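Here are the chains, one letter per residue:
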Amino acid sequence: MYVRKLIFDFYNICMLILNFLYLLLSFLLAISTLILGIMLAAIHIPDKENMKQYNSARYALAFAYLIIGVFNCYKIIISFVESMDLEEIYTLTLVSASYQALLFTFALLTLIQPLYVSLRRVILQFGIISVVFITLLLLMYNTSRSLYSYFYYIVSVLYVLQLIYYVSLFRKKHAQYLKQLEDYYDEEENNRLKWVKSSFYMALSIGIMALSITYLPLYCCVGFIGVFILFYVYFAIKYSNYPFDFQYIIPAVYSKDIIPHSTAVCDDRKESNHLLPLSEKEQKLQEAIDKWVEEKQFLYTDMSRDDIAQSLGTDRDFLALFFQNHMKTEFRVWRTQLRIEEAKKLLLKYPDLSISKVGHSVGISDRSNFQKKFIELVGISPKGWRIKNLQK
């Protein structure tokens, strides 16, 4: 009996501690999201035409943070004043998660596809969620529990469909964004603004956890709330820092005249043919390319395809066709080969230089991308190639 009493007392103490931690973390979550929401709304952004949509999305995101903060404040106040009805908790959690999914998704889409995001789209979906929310509240307070439960499960299914739709939409727009960057800059851009993609899936996970948190043991809830706080702080910091990247992103996603390499054809370029000797125009381009290589301009980054073509005294369409017909490759592939050859020289010349710095020195700033390209062209990793050749 004494041992059983000790176990029972220990269990009660643990539950008291967990309850205290739950309330403390809920309070921190409420305060931090409120503060972050105010900070997001108050950040000074340069008054530029192409930043208007970012500013609108920033205010929407600030509103999402405030919704989360107010919701958690409400839960804390009710928990001290009276016990909150489970149906009320489920309803508020579901609707809060739905609003959050909407605002976070469109806030992220604004960073990569600002032309797609419009106030009309956001208001339409916001209105639909609000109508569903009001209907759910009316059923909760004015109908039987069974009818409310039935409608609640329907709304839960709709929420899952909403998440599936957002995942599909984001994947499609993110792929389009990468294509636009690669076409505009002629660079591998898989890791540009990588945090946007990771943040979307983190926000998606947060939405799923927020919906399931009411059904889980208290210790899981404590852990989840800790994760929520870390994510919201991380996301607010990254989002507020976006204006530093917009000068690189905006020109590509706003460009309306991107033409793929394979379709670049016009009348004065039909003379290009690998079976014929170089024309005068092509000879001048070849000489400009040779000088460009001699000066190692292939190491420069963040230059658009138009800028590169202009530096060679031509335009991007003629440059693409020249490489297609006479170099038997694409400009991007050819430049990567030059960069890897330069990297091989640096690997041997500076044995103590890190792999990341070598990649950055040759114009490939992302380590994983540098590793991938090096292995594709050389057949071995940069580190392995360095060790192998230093031993000779």
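Residues numbered from 1 in each chain as written. Predicted model: local features only at pLDDT ≥ 70, side-chain atom pairs only at ≥ 80, totals over all residues. Heavy atoms only, no water.

Asks: How should empty space enclosed by the protein be read in this particular structure?
Replies: A water-sized probe, rolled over the atoms, reveals where empty space remains. Within the structure shown, the criterion is met by two cavities of 30 Å³ or more. In this structure, the largest cavity occupies an estimated 100 Å³ of space. As for the largest cavity, its lining consists of 13 residues, and the residues nearest its centre are Ala101, Thr105, Phe200, Ala203 and Leu204. Elements with a contribution of two residues or more to the lining of the largest cavity: α3 (86-112), α5 (145-185) and α6 (194-212). Tallying contributions element by element places α3 first for the lining of the largest cavity, with six residues. Across the lining of the largest cavity, the residue classes break down as 10 nonpolar, three polar and no charged. (1 Å grid on protein atoms, 1.4 Å probe; cavity = no way out; pocket = protein on both sides within 12 Å on 5 of 7 lines; lining within 4 Å. Points joined across faces, edges and corners; volume = space filled by probe spheres on them. Helix = DSSP H or I, 4+ residues; strand = E, 2+ residues; numbered from the N terminus. Nonpolar A, V, L, I, M, F, W, Y, C, P; charged D, E, K, R; others polar.)

Asks: Looking at this structure, I do not really get the environment of Tyr165. What am I missing?
Replies: Tracing the sequence through the fold places Tyr165 in helix α5. For Tyr165, a relative accessible area of 42% corresponds to the partly exposed category. (Buried < 20%, exposed > 50% of the residue type's maximum accessible area, 1.4 Å probe, protein only.)

Asks: Would you take a moment to explain a negative patch on the surface for this structure?
Replies: Where like charges cluster on the molecular surface, the negative patch consists of Glu287, Asp290, Glu294 and Glu295. Position of Asp290 relative to the elements: it lies in helix α9 (residues 280-294). For Asp290, a relative accessible area of 44% translates into the label partly exposed. (Patch = residues over 30% accessible without salt bridge, like charges linked within 9 Å, V, L, I, M, F, W, Y side chains within 5 Å. Areas by Shrake-Rupley, 256 points an atom, 1.4 Å probe, with all protein chains shown as cover. Salt bridge = Lys/Arg side-chain N within 4 Å of Asp/Glu carboxyl O. Lys, Arg positive; Asp, Glu negative; His and termini not counted. Charge placed at Lys NZ, Arg CZ, Asp CG, Glu CD.)

Asks: How should the confidence of the model for the chain be read in this particular structure?
Replies: Averaged over every residue, the pLDDT of the chain is 81; the share at 70 or more is 86%. The secondary-structure element of the chain with the lowest mean pLDDT is helix α8 (residues 246-254), recorded at 73, while helix α12 (residues 331-349) shows the highest, at 90. Of the regions scoring below 50 in pLDDT, residues 257-275 engages in 36 contacts with residues more than four places distant in sequence or in other chains. (pLDDT = per-residue confidence, 0-100. Contact = heavy atoms within 4.5 Å.)

Asks: I tried to follow unusual backbone geometry on my own but got confused; where do I start?
Replies: Most of the time, phi is negative for any residue but glycine, and the peptide bond is trans. Even without being a glycine, Lys296 presents a positive backbone phi close to 55°. Structurally, Lys296 is set in the loop between α9 and α10 (305-311). Judged by its relative accessible area of 34%, Lys296 is partly exposed.

Asks: Hey, could you run me through the packing of α9 against α12 in this one?
Replies: Helix packing for two helices is described by the angle between their axes and how far apart those axes are. Their axes nearest at 12 Å, the elements α9 and α12 cross at an angle of 35°. Judged by the twist between their axes, the crossing of α9 over α12 is right-handed. Contact residues: Ile289, Trp292 and Val293 in α9; Phe331, Trp334, Arg335 and Leu338 in α12. Here the contact of α9 with α12 is built from residues that sort into six nonpolar, no polar and one charged. (Axes fitted to C-alpha atoms, helices over the stretch in contact; angles between N-to-C directions. Left-handed = near helix turned anticlockwise from the far one by under 90°.)

Asks: Teacher, can you tell me more about the nonpolar core here?
Replies: Nonpolar side chains in soluble globular proteins generally cluster together in the buried interior. Membership of the largest hydrophobic core comes to 81 residues, with the highest contact counts inside it found for Tyr65, Phe104, Leu111, Tyr232, Phe235 and Tyr239. Among the elements of the structure, α1 (2-42), α2 (52-81), α3, α4 (119-142), α5, α6, α7 (218-240) and α8 are those that each provide at least two residues to this core. Residue contacts for Tyr239: discarding those within four places in its chain leaves Tyr54, Ala57, Arg58, Leu61, Ala107, Leu108, Thr110, Leu111 and Trp195. Judged by nonpolar contacts, the second largest core, of 26 residues, contains Phe322, Phe331, Ile340 and Phe374. (Core = buried A, V, L, I, M, F, W, Y, C linked by side-chain atoms within 4.5 Å.)

Asks: Honestly, α6 in this entry has me stumped. Any pointers?
Replies: Residues lying three or four places apart along an α-helix face the same way, a consequence of the helix completing one turn every 3.6 residues. Over its 19 residues, α6 extends 28 Å from the first C-alpha to the last, a length consistent with the 27 Å expected when each residue adds 1.5 Å. Those residues of α6 lying buried are Trp195, Val196, Ser199, Phe200, Ala203, Leu204, Ile206, Gly207, Met209, Ala210 and Leu211. (Expected span 1.5 Å × (residues − 1).)

Asks: In this structure, what is going on with the packing of α4 against α5? I would like to understand it.
Replies: It is the contact of α4 with α5, at a shortest axis distance of 9 Å, that shows an interaxial angle of 160°. Here α4 lies roughly antiparallel to α5, going by the angle between them. Crossing of α4 over α5 shows left-handed handedness. Between α4 and α5, the residues in contact are Gln125, Ile129, Val132, Thr135, Leu136, Leu139 and Met140 and Leu147, Tyr148, Phe151, Tyr152, Val155, Gln162, Tyr165 and Tyr166, respectively. Each residue belonging to the contact of α4 with α5 can be placed in one class, and the counts come to 12 nonpolar, three polar and no charged. (Parallel < 35°, antiparallel > 145°, perpendicular 65-115°, else oblique.)

Asks: Help me out: how do you make sense of the side chain of Arg339 in this one?
Replies: In this fold, Arg339 is placed in helix α12. We classify Arg339 as buried; its relative accessible area is 2%. If sequence neighbours within four positions are ignored, Arg339 has contacts with Glu187, Phe298, Leu299, Tyr300, Thr301, Val362, Gly363 and Ile364.

Asks: Teacher, can you tell me more about the packing of aromatic side chains here?
Replies: Each aromatic ring pair is summarised here by two numbers: the centre-to-centre distance and the angle between the ring planes. In the structure shown here, the tally under the stated rule is 29 aromatic pairs. Judged by centre distance (6.0 Å) and plane angle (45°), the rings of Phe63 and Phe126 are tilted. Here the residue Phe63 occupies a position in helix α2, and Phe126 occupies one in helix α4, the gap between them amounting to 63 residues. Among the residues examined, Phe126 registers a relative accessible area of 23% and is labelled partly exposed. (Phe/Tyr/Trp six-rings, centres within 6.5 Å; stacked < 30°, edge-to-face > 60°.)

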